[in-house]
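Architecture and fold: a report
The lines below spell out each chain.
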Amino acid sequence: MKTVLLTDDNEDIIELVQLILAKSGYNLKVAHGGKDALRICKESTPDLILLDLKMPDIDAFTVAKALRGSGFKNPIIVLT
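Residues numbered from 1 in each chain as written. Predicted model: local features only at pLDDT ≥ 70, side-chain atom pairs only at ≥ 80, totals over all residues. Heavy atoms only, no water.

**Thoughts on helix 2 (residues 34-43)**
Three or more residues of helix 2 are buried, namely Gly-34, Asp-36, Ala-37, Ile-40 and Cys-41. Down the axis of helix 2, the buried set is contained in an arc of 155 degrees. They therefore lie on one face. In helix 2, the exposed residues that point more than 90 degrees away from the buried face are Lys-35, Lys-42 and Glu-43. (Buried < 20%, exposed > 50% of the residue type's maximum accessible area, 1.4 Å probe, protein only. Helix = DSSP H or I, 4+ residues; strand = E, 2+ residues; numbered from the N terminus. Arc of directions from axis to C-beta.)

**Observations regarding the pairing of strand 1 (residues 3-7)**
When you tally the buried positions in strand 1, you get five out of five residues, the bulk of the element. One ladder, built from five bridges, connects strand 1 with strand 2 (residues 27-31); its direction is parallel. The partner of Leu-5 across the bridge, within strand 2, is Lys-29. Viewed along the sheet, the connection from strand 1 through helix 1 (residues 11-23) into strand 2 turns out right-handed. (Pairing = 2+ DSSP bridges. Right-handed = clockwise from strand over helix to strand, strands pointing away.)

**Focus on a negative patch on the surface**
A cluster of like negative charges, contributed by Asp-9, Glu-11, Asp-12, Glu-15 and Asp-57, occupies part of the molecular surface. Its place among the elements puts Asp-12 in helix 1. (Patch = residues over 30% accessible without salt bridge, like charges linked within 9 Å, V, L, I, M, F, W, Y side chains within 5 Å. Areas by Shrake-Rupley, 256 points an atom, 1.4 Å probe, with all protein chains shown as cover. Salt bridge = Lys/Arg side-chain N within 4 Å of Asp/Glu carboxyl O. Lys, Arg positive; Asp, Glu negative; His and termini not counted. Charge placed at Lys NZ, Arg CZ, Asp CG, Glu CD.)

**Structural notes on helix 1**
Its 13 residues place the ends of helix 1 18 Å apart at the C-alpha level, agreeing with the 18 Å of an ideal helix rising 1.5 Å per residue. Structurally, helix 1 contributes buried residues whose contacts are with strand 1, strand 2 and strand 3 (48-52). Here helix 1 starts with a cap whose side-chain oxygen sits 2.8 Å from the backbone nitrogen of Asp-12, and that cap is Asn-10. Of the residues flanking the end of helix 1, it is Gly-25, one or two places downstream, whose phi is positive at about 90 degrees. (Expected span 1.5 Å × (residues − 1). Contact = heavy atoms within 4.5 Å. Polar contact = N/O pair within 3.5 Å; in protein donor to acceptor, adjacent residues only side chain to side chain.)

**With respect to the sheet that holds strand 4 (residues 76-79)**
Strand order in the open sheet made by the four strands is 2-1-3-4, with parallel pairing throughout. Whereas interior strands pair on both sides, the edge strands pair on one side only; in this sheet they are strand 2 and strand 4. The average undirected angle you get between the axes of adjacent strands in this sheet is 20 degrees. (Axes fitted to C-alpha atoms, helices over the stretch in contact; angles between N-to-C directions.)

**What to know about the packing of helix 2 against helix 3 (residues 60-69)**
Axis separation between helix 2 and helix 3 bottoms out at 10 Å; the angle between their running directions is 20 degrees. It follows that helix 2 is roughly parallel to helix 3 by the angle criterion. Crossing of helix 2 against helix 3: the hand is right-handed. Residue-level inspection shows Gly-34, Ala-37, Leu-38 and Cys-41 of helix 2 in contact with helix 3, the latter providing Val-63, Ala-66 and Leu-67. A breakdown of the residues in the contact of helix 2 with helix 3 according to their chemical character gives six nonpolar, one polar and no charged. (Parallel < 35°, antiparallel > 145°, perpendicular 65-115°, else oblique. Left-handed = near helix turned anticlockwise from the far one by under 90°. Nonpolar A, V, L, I, M, F, W, Y, C, P; charged D, E, K, R; others polar.)

Here's what the structure looks like:
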């Protein structure tokens, strides 16, 4: 089963994406900010990352740059 990491601080968005991905057969991991996303990616490698553009701790572009710098090669999509 493919794993998607959703990084968002809006619970409504998290619930919606979780519902859609579960119906499509994907496993969803949730990070509630950029620091949390970076921590999760050190522990496992998601097949896709969905990043909220504006997060309270680190913005999506900074997270994406850090992930690419650490060798993460899977797709990253920035949402707003």
